[in-house]
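Residue-level structural notes
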Amino acid sequence: MAEDGGRNGQVPLVEAIREAIIRGEFVPNQRLVEADLSTQFDASRASVRAALLELTNEGLVERIQNRGARVRAVSLDEAVEISEVRMVLEGLCAAKAAQSVTAEEISELRSIGASMREAVDDRDVLGYSSLNQQLHRRVREIGGQRTASRLLERLRGQSVRHQFRLAMHPGRPSVSLPEHLAIIDGICTHDADAAEAAARAHLRSVIEALKEVGGAGLPPGG
């Protein structure tokens, strides 16, 4: 990063812009003007330029000739393709986690599963969504597959808007809860095959739900 990439001990600039895109502060196809970003994030133009280049490499931003940078719109079809790739990588991470999980990590995963069940019972959709992300992150961390983790983080950023819409779809948490509990069971019993199969089954369910929700009238562009 450029000279103020760390922003004086604050969140690194590229991470701050990435999170703003993921949270929807910048919408698909919105222009990202270097001067405006420099003011908003209190960073130099050089740092903003470097951050946008990194986010372009991640697939969150695209550069249009003679028009600068803008937030890249991810279509429903691409979101499905991303989920198909995730299915392979998430399965790998779950299998690796089952092979290396410790007793302390088993207790942690069981606790996350119990909290997810409570969130569904309480119809706490946002809480469930947060726990969902936490579970997937911990499975990646426990599996220790750093390359797959990096790829999955990048893919998550690209498809996060579709994932959020899916998470908010009525009844979705009740469908995905047993899928997540199956992943937890496979890992906690050190059954790598079962953990991988459960992770793949969950992503197949995500793909079908994305198609169903997208076909119900959501805009295909992001």
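This report concerns the structure included in the present document. (Residues numbered from 1 in each chain as written. Predicted model: local features only at pLDDT ≥ 70, side-chain atom pairs only at ≥ 80, totals over all residues. Heavy atoms only, no water.)

**Observations regarding the side chain of glutamate 105**
Structurally, the position occupied by glutamate 105 is in helix 5 (residues 103-121). Within the buried core, glutamate 105 has no salt-bridge partner, and the shortest N-O distance to an opposite charge, that of arginine 138, equals 4.2 Å. Among the polar contacts made by the side chain of glutamate 105, one reaches the main-chain amide nitrogen of threonine 102 at a distance of 2.9 Å. Non-local contacts of glutamate 105, meaning those with residues more than four positions away in its chain, are made with Ser100, Arg138 and Ile142. (Helix = DSSP H or I, 4+ residues; strand = E, 2+ residues; numbered from the N terminus. Buried < 20%, exposed > 50% of the residue type's maximum accessible area, 1.4 Å probe, protein only. Lys, Arg positive; Asp, Glu negative; His and termini not counted. Salt bridge = Lys/Arg side-chain N within 4 Å of Asp/Glu carboxyl O. Polar contact = N/O pair within 3.5 Å; in protein donor to acceptor, adjacent residues only side chain to side chain. Contact = heavy atoms within 4.5 Å.)

**Some points on the pattern of salt bridges**
The final tally for this structure, using the stated rule, is 14 salt bridges. The salt bridge involving glutamate 62 is made with arginine 70; its shortest N-O contact spans 2.7 Å. Judged by its relative accessible area of 25%, arginine 70 falls in the partly exposed class. Taking the shortest distance from any N to any O, the salt bridge between glutamate 141 and arginine 138 comes out at 2.6 Å. Placement of both glutamate 141 and arginine 138 in helix 6 (residues 125-143) is noted, with a separation of three residues, approximately one turn of the helix. Here glutamate 141 falls in the partly exposed class, since its relative accessible area comes to 46%. Each of the salt bridges in this network shares a partner with another, and the network as a whole consists of Glu108, Arg137, Arg138 and Glu141.

**A short note on the sheet that holds strand 3 (residues 68-71)**
Spatial ordering of the open sheet is given by 1-3-2, a layout of three strands whose pairing is antiparallel. The open sheet terminates on both sides in strands that have one partner only, identified here as strand 1 (31-32) and strand 2 (61-64). Where strand 2 meets strand 3, four bridges bridge the pair, whose relative direction is antiparallel. Within strand 3, the residue paired with isoleucine 64 across the bridge is glycine 68. Its contacts with the sheet place helix 3 (residues 45-58) against strand 1, strand 2 and strand 3, and it is angled at close to 110° to strand 2. (Pairing = 2+ DSSP bridges. Axes fitted to C-alpha atoms, helices over the stretch in contact; angles between N-to-C directions.)

**A few points about helix 5**
Its 19 residues give helix 5 an end-to-end C-alpha distance of 27 Å, which sits within 8% of 27 Å, the value for a rise of 1.5 Å per residue. Residues of helix 5 that are buried sit in contact with helix 4 (76-100), helix 6 and helix 8 (172-188). At the exit of helix 5 stands arginine 123, carrying a positive phi of roughly 55°. (Expected span 1.5 Å × (residues − 1).)

**A word on the environment of leucine 203**
Relative to the helices and strands, leucine 203 is located in helix 9 (residues 192-215). Leucine 203 sits 182 residues away from isoleucine 21 along the chain, and the two C-alpha atoms are 24 Å apart. Once residues within four sequence positions are removed from consideration, leucine 203 is found in contact with Ser83, Arg86, Met87 and Glu90.

**Overview of unusual backbone geometry**
Phi at arginine 123 takes a positive value of approximately 55°, unusual for a residue other than glycine. In this structure arginine 123 comes out as exposed when scored by relative accessible area, which is 74%.

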